[in-house]
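# Structural overview
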Amino acid sequence: MKKLFIILAFAGVTMTSMAQDADPVQKYSVATNSFWSNWFIQVGANWDAFYSGQEHGQGLERSPFKGFRSHVGAAVALGKWFTPGIGLRTKLQGIWGKQVYNPRTGVVDNDNDFWLLNEHVLFNVSNLLCGYNPKRVWNFIPFAGAGFGRSMTTNLYGMDLSAGILNTFRLSKHVLLNLEVGYVRTEGDVDGYDLSSLGNRGWDSHDNMFYGELGLTFNLGKATWNKVPDVDALKALHQSQLDALNAQLNDANAENARLKKLLAEQKPAPAAEPKTVKEFVGTPVNVFFNLDKYNIASQKDLVNVQGIAKYAKDNGANLLVTGYADSATGKAPHNQWLSEKRAETVANELVKMGVSRDKIETAAKGGVNDLSPISFNRRATVQVK
């Protein structure tokens, strides 16, 4: 038994170092998904080692690799992640097992067909401690739960408690490789023999099963989590834009006051009529987009666009719409296409606001890294030419 725990501990340390080296993707906070998102099913084959309560005092070797203890089995499970770190799973496992020792007959190595049905609470420690990462190669997931089982050989039932560690390795977005080790402690009759008459205590008062399992997880439907927008950063950006507009407005007011003073000091020309010249502050208006999307993230961004659209209609001004993508994600050709689509989306909104299409020029800059944080580069700008 000690050899088995040493092997499992060594394997866990090795996989931890490998997973850390292969996990360079940026982590981020997520929003709660709908009830129908993040479901999964699991199938696997397992190796079981049984320690029956009735073998007490028989002097049987404790090694889990002995033939009278071990048997192959199978398992299937259905589960859901409610957050990236907490989930539930209903697991059915069993089919073939061992009774180990039958005190009525004195026979060692008795086959016992059985099943166990357990409800597990899953704790994705990788996400809980290191943050959610949709492309993490390896996830370390302890679990614990309870349920009941039945010996199909002798038609006996019993309750159980279970715990273990599930390791998942990402093969694709919807397929994961599972490596699971676990322990199930059942009432004494799940292996096909009722121990109530023996009066055993402690370890020997229950049947115990250790197992190792290899299988696959199949994610159903939406298998990722939506990123939470950085509201504070967006507010800071909008405030900086407002501050810049206010500064330019103050400068324009000062210049107007100076011109009025000069005009007051001069005699008006008798035949000249005063002409009002409308000006528009040249700071670009930003419209933001979500990662790899070209539909506008928030309709609130169009409030400022409506102001510049009204100015263009009233004064026959030409507008320039420039699309951008962030260079940290996606390849250059895709980012160029994405920035073109973002510019086209905003141009279409201007047309809906009454601006003539021939007054709108579009440009695309592809992937850039002009602003910080990098998500601010997922935008399109509108300005008067």
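This text follows the structure it describes.
Residue positions are counted from 1 within each chain, in the order its sequence is given. Per-residue local features of the predicted model are confined to residues with pLDDT of at least 70, and side-chain atom pairs are confined, for both listing and counting, to 80 or more; whole-chain, interface and lining totals are unaffected and use all residues. Side-chain measures were taken over the full set of non-hydrogen atoms in the model, leaving aside hydrogen atoms and water.

Accessible area is worked out with a 1.4 Å probe on protein chains only. A residue is then buried under 20% of its type maximum, exposed over 50%, and partly exposed in between. Think of it this way: any DSSP run of H or I at least four residues long counts as a helix, any run of E at least two long counts as a strand, and we number them from the N terminus. In terms of burial, strand β12 (residues 319-326) is a largely internal element, eight of the eight residues being buried. Here β12 shows no split at all, with Leu319, Val321, Gly323 and Ala325 on one side and Leu320, Thr322, Tyr324 and Asp326 on the other all buried. In this scheme, strands are said to pair when DSSP sees at least two bridges between them. Where β12 meets strand β13 (residues 360-368), seven bridges bridge the pair, whose relative direction is parallel. If you follow Leu320 over to β13, its bridge partner there is Glu361. Where β12 lies against strand β14 (residues 379-384), five bridges are found, and the strand directions are antiparallel. Residue pairing across strands places Thr322 opposite Thr381, the latter belonging to β14.

With a 1 Å grid laid over protein atoms only, a set of points is called a cavity when a 1.4 Å probe fits there but cannot get out and a pocket when it is open yet has protein on both sides within 12 Å along at least five of seven lines; lining residues have an atom within 4 Å of a point. Grid points are joined across faces, edges and corners, and a volume is the space filled by probe spheres set on the points. Scanning the entire structure with this criterion turns up two cavities of 30 Å³ or more. Lining the largest cavity are 29 residues, and of these Trp81, Asn139, Leu176, Asn219 and Ala223 sit closest to its centre. Looking at the lining of the largest cavity, the elements that each hand over two or more residues are β1 (39-51), β7 (138-151), β8 (156-170) and β10 (207-220). It is β8 that contributes the most residues to the lining of the largest cavity, four residues altogether. A class-by-class count of the residues in the lining of the largest cavity yields 14 nonpolar, twelve polar and three charged. Residue classes follow a fixed rule: Ala, Val, Leu, Ile, Met, Phe, Trp, Tyr, Cys and Pro count as nonpolar, while Asp, Glu, Lys and Arg count as charged, and any other residue, Gly among them, counts as polar.

Across 14 bridges, the pairing between β7 and β8 is antiparallel. For Arg150, the partnering residue across the bridge sits in β8 and is Tyr157. Between the end of β7 and the start of β8, which pair antiparallel, lie four residues, with Asn155 showing a positive phi angle near 60 degrees. Across eleven bridges, β8 lies against strand β9 (residues 175-186) in antiparallel orientation. Bridging across to β9, Asp160 finds its partner in Thr186. Joining the antiparallel neighbours β8 and β9 is a turn of four residues.

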